[in-house]
Amino acid sequence: MMKMRLAYFDCFSGISGDMILGAMLDAGLSLNKLKRELSKLKLKGYRLKEEKVKRAGIRATKVDVLIKQGSRVKGQGTEGKRWKDVDRIIKASSLSSEIKEKGLKIMRRLFEAEGKVHGESPEKVHLHELGAIDCIIDVFGAIIGLNLLNIKKVYSSPLNLGSGFVTAEHGDLPVPAPATAEILKDIPAYSTGIPYELTTPTGAAIITAISDGFIPMPQLKIERIGYGAGSKDIKGQPNVLRLFIGEASMDYDKDEVVVIETNIDDMNPQVYEHLIERLLEDGALDAYVTPIMMKKNRPGHLLTVLAERKKIDVLIDIIFRETTTFGVRFYSVSRNKLSKEIKKVNTRYGNIKVKIGYRGDSIFTITPEYEDCKAIAIDKGLPLKTVIDEAKRKADSIQDEKK
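Scoring rules and cut-offs
Residues numbered from 1 in each chain as written. Predicted model: local features only at pLDDT ≥ 70, side-chain atom pairs only at ≥ 80, totals over all residues. Heavy atoms only, no water. Helix = DSSP H or I, 4+ residues; strand = E, 2+ residues; numbered from the N terminus. Buried < 20%, exposed > 50% of the residue type's maximum accessible area, 1.4 Å probe, protein only. Contact = heavy atoms within 4.5 Å.

The next point concerns unusual backbone geometry. At the junction of Val 175 and Pro 176, the peptide bond is cis and its omega measures out at 0° in the coordinates. In this fold, Pro 176 is placed in the loop between strand E9 (171-174) and helix H6 (178-183). For Asp 186, which is not a glycine, the phi torsion comes out positive at approximately 70°. Looking at where Asp 186 falls in the secondary structure, it is placed in the loop between H6 and strand E10 (189-190). Its relative accessible area of 54% is what places Asp 186 among the exposed residues. Of note, Lys 296 is a non-glycine position whose phi angle comes to about 60°, a positive value. With respect to the helices and strands, Lys 296 occurs in the loop between strand E14 (286-293) and strand E15 (299-307).

With that settled, the discussion passes to the environment of Ser 231. If you trace the backbone, Ser 231 turns up in the loop between strand E11 (221-229) and strand E12 (240-249). For the pair formed by Ser 231 and Asp 18, sequence separation is 213 residues and the distance between their alpha carbons is 9.0 Å. Ser 231 has contacts with Asp 18, Arg 55, Lys 62 and Asn 239, leaving out every residue within four places of it along the chain.

In structure tokens form, the structure reads like this:
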């Protein structure tokens, strides 16, 4: 059974960028090491302030990005930072390419969400000058912090959004703020009616990028617990982000999907080919038919579709349109999965993609991509099994390298 260091963010009072940094520092992240890594961004005119505070009686760490009066990044105007400016700052940094790539994706998601809300392209959106510096530090601080804490996998609880209104540049906006709502599409979220903005756009962008799932707390041997404080001390509820860090037994990747089923006994079986093609094209993870015996001993078929929850309505609509059924049932199931990676192997017949299945760091299975093998077999007039065997032989070298 593989062991790995895991972080779980308990977002019962939402999440923001500074709460993430506070929770990490509270859990043992070195502020000096974090500052040293952040200095590679070459951003000037700010400093990180760390202090211990209480929120509804719970001690927590509050982090603020303090901007010096009149400070701004060289080459930036007072109108704020556009995507090209942020992109240039990140690419010019001396951070590792992996951290740069992760940070660029999160920042791009923020610009895309703002653009969608305001009806503009991401390139035309601008973040307020001081807010942009704060945002960049929050995003890269979170990524760097996970690396320094040696976190290999991240999970999160569903997000508490808060309620009411938040004051913005153009006036009062409903909570969640439109950009936050855009970022959180297909992410489990709720509100307990607390009249404050609990989940911010930056917090939403970070957690949706770093989390491998939004699930109940997994089995974990807890080593550290950190509390990151929000700005407000809310009466009756600790305004903190709780972070659990520990060792998890990670046999397999885990997730939850939905099974959609229906029994059919009065349809031309020729329709199933078209039906399954449509379901797969529109996002089903799998779709198949099983022969069954129905009432009055009539032979029939059980149609089973595996899907992400966000695809339920689309796929059920296809089933009703394309079949004779009058009803479907659906339910959630948990899955254990091997982690998957696609690589190309160079064979004497050409490049072939192979699918590699991992449990932790161990390779469990390697499978050549059928369509690649088929295309080469047809093109070169070879038996398909010959191409598959060659791909497997080459793929074995990947497994040997891991040993």
